Amino acid sequence: MTEHDARPPHPLLTDTATDAGRTGDPRQALEALRAEIGKAVVGQDPAVTGLVVALLCRGHVLLEGVPGVAKTLLVRTLATALRIGTKRVQFTPDLMPGDVTGSLVYDARTAEFSFQPGPVFTNLLLADEINRTPPKTQASLLEAMEERQVSVDGTPRPLPEPFMVAATQNPVEYEGTYPLPEAQLDRFLLKLILPLPTRENEVQVLTRHASGFDPRDLDTAGVRPVAGPEDLDAARAEIAKLTVAPEILAYIVDLCRATRESPSLSLSVSPRGATALLATARAWAWLAGRDYVTPDDVKALALPTLRHRIQLRPEAEMEGVTADSVLQSVLSHVPVPR
Ligand SMILES: Nc1ncnc2c1ncn2[C@@H]1O[C@H](COP(=O)(O)OP(=O)(O)OP(=O)(O)O)[C@@H](O)[C@H]1O
Ligand SMILES: [Mg+2]
């Protein structure tokens with residue numbers, strides 16, 4: 001996950017004619033997408049890459065980080081740089097399930113109830129601060145994510161395609177009131193953690209602000225749509241052709257099985273988690289320009305794909321063990337195929 005070039009965001013300094021998505025090459029279009037996000041977001045490359053991987057895998061993403069590390073900015077920029085529909089829902093304590101999925105509304109003219117689609121009927125839904133809303137409303141979103149449809153009054157209504165949820169939350173210590181139910185966390189393909197920026201990157205953030213960058217106005221920052229659904233389709237068709245050696249499949253299984261032997265865990269990676277790691281490693285291998293998957297691809301995606309699918313025993317947690325440290329240890333112990 002390499003550092004993309006930090007282009008100046010100021011319109012006068014920005015090359016606005018880079019509609020690189022029109023080359024017809026989906027990998028170039030997605031590279032351009034990453035560069036475009038870099039016009040607004042400094043660093044955070046693993047998170048940027050994770051969002052692209054999730055788009056390719058038709059997965060949903062949970063973004064976690066302390067306040068002010070650009071979680072919202074990152075998803076808003078992604079939505080601007082992609083030619084797809086997008087909506088944002090701020091998850092507040094008083095948000096109702098119908099505010100997300102939609103509801104039946106009585107029409108006095110026709111004397112009938114008609115369905116008013118909620119904001120979930122979009123391509124990229126930014127579910128901001130999902131842990132501030134009560135479980136019932138969270139559940140309505142999680143259900144729509146899983147089923148890719150909304151059922152109100154017994155009638156299933158399919159969601160548009162592509163459909164991806166990018167949900168943000170603060171870490172548990174900062175959390176609001178309602179942590180997501182552990183058992184449903186695996187509906188997210190990836191859990192991406194946005195760290196505080198390095199000193200160098202933070203200076204870069206301030207430099208952009210000093211020269212007029214306004215995070216509320218991405219248009220002026222020069223962020224343009226550079227890729228679209230057709231690029232995602234083309235990319236997925238290429239990814240489907242990738243070969244995965246039997247040793248790689250066995251390696252993924254061995255990693256997941258090793259979590260089942262860890263004394264620190266009360267919940268280990270399920271076969272669903274193993275298939276998720278296969279999917280994300282494939283997408284990453286393709287993004288890296290290869291038509292086969294290496295053990296390093298698997299390693300690169302293991303933490304974001306698996307960290308929310310395991311649960312620590314309270315004793316281990318008290319000793320300072322983290323999901324990531326368990327996974328790191330598994331990665332360093334399980335023999336790597338060559
Ligand atoms: N890596 C970064 N690149 C560019 N701007 C940044 C970065 N980190 C922080 N900022 C600045 O900080 C602002 C706050 O970011 P944002 O609102 O996206 O944070 P957040 O992580 O969503 O916070 P919260 O948890 O409070 O919602 C951004 O609008 C931007 O001005
Ligand atoms: Mg935010």
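First, a word on what this report is: a plain description of the structure on this page. Because the structure is predicted, anything quoted here is derived from the model rather than measured. (Residues numbered from 1 in each chain as written. Chains lettered and ligands numbered in written order. Predicted model: local features only at pLDDT ≥ 70, side-chain atom pairs only at ≥ 80, totals over all residues.)

Comments concerning the packing of helix H1 (residues 26–38) against helix H7 (residues 229–240)
The interhelical angle for the contact between H1 and H7, taken along N-to-C directions, is 125 degrees, at an axis separation of 9 Å. When the axis of H1 is compared with that of H7, the two are oblique. Once H1 is placed against H7, the crossing between them reads as left-handed. From H1, Pro-26, Arg-27, Ala-29 and Leu-30 reach across to H7, where they touch Asp-231, Ala-234, Ala-235 and Glu-238. In terms of residue class, the contact of H1 with H7 is made up of five nonpolar, no polar and three charged. (Axes fitted to C-alpha atoms, helices over the stretch in contact; angles between N-to-C directions. Helix = DSSP H or I, 4+ residues; strand = E, 2+ residues; numbered from the N terminus. Parallel < 35°, antiparallel > 145°, perpendicular 65-115°, else oblique. Left-handed = near helix turned anticlockwise from the far one by under 90°. Contact = placed C-beta atoms within 7 Å. Nonpolar A, V, L, I, M, F, W, Y, C, P; charged D, E, K, R; others polar.)

Regarding the environment of Tyr-178
With respect to the secondary-structure elements, Tyr-178 resides in the loop between strand S8 (164–169) and strand S9 (190–193). For the pair Tyr-178 and Leu-312, spaced 134 residues apart in the sequence, the C-alpha separation amounts to 19 Å. Those residues in contact with Tyr-178, other than ones at most four positions away along the chain, are Asn-131, Thr-133, Pro-134, Pro-135 and Gln-138.

Comments concerning the nonpolar core
Looking at soluble globular proteins, one finds that nonpolar side chains tend to be buried together. Core analysis: the largest hydrophobic core is formed by 92 residues, its most contacted members being Leu-33, Val-61, Ala-127, Ala-166 and Leu-277. Among the elements that line this core, the one with the most residues is helix H9 (residues 271–287), at 11 residues. When residues no more than four places from it in sequence are discounted, the contact partners of Ala-127 are Val-89, Phe-91, Leu-141, Val-165, Ala-166 and Ala-167. (Core = buried A, V, L, I, M, F, W, Y, C linked by C-beta atoms within 7 Å. Buried ≥ 20, exposed ≤ 12 C-beta atoms within 10 Å, placed from the backbone.)

So, the site of ligand 1
Lining the immediate surroundings of ligand 1 are 17 residues, of which Pro-67, Lys-71, Thr-72, Leu-73 and Pro-215 lie closest. Looking at the shell around ligand 1, the element that brings in the most residues is helix H3 (residues 71–81), giving three residues. (Near = placed C-beta within 6 Å.)

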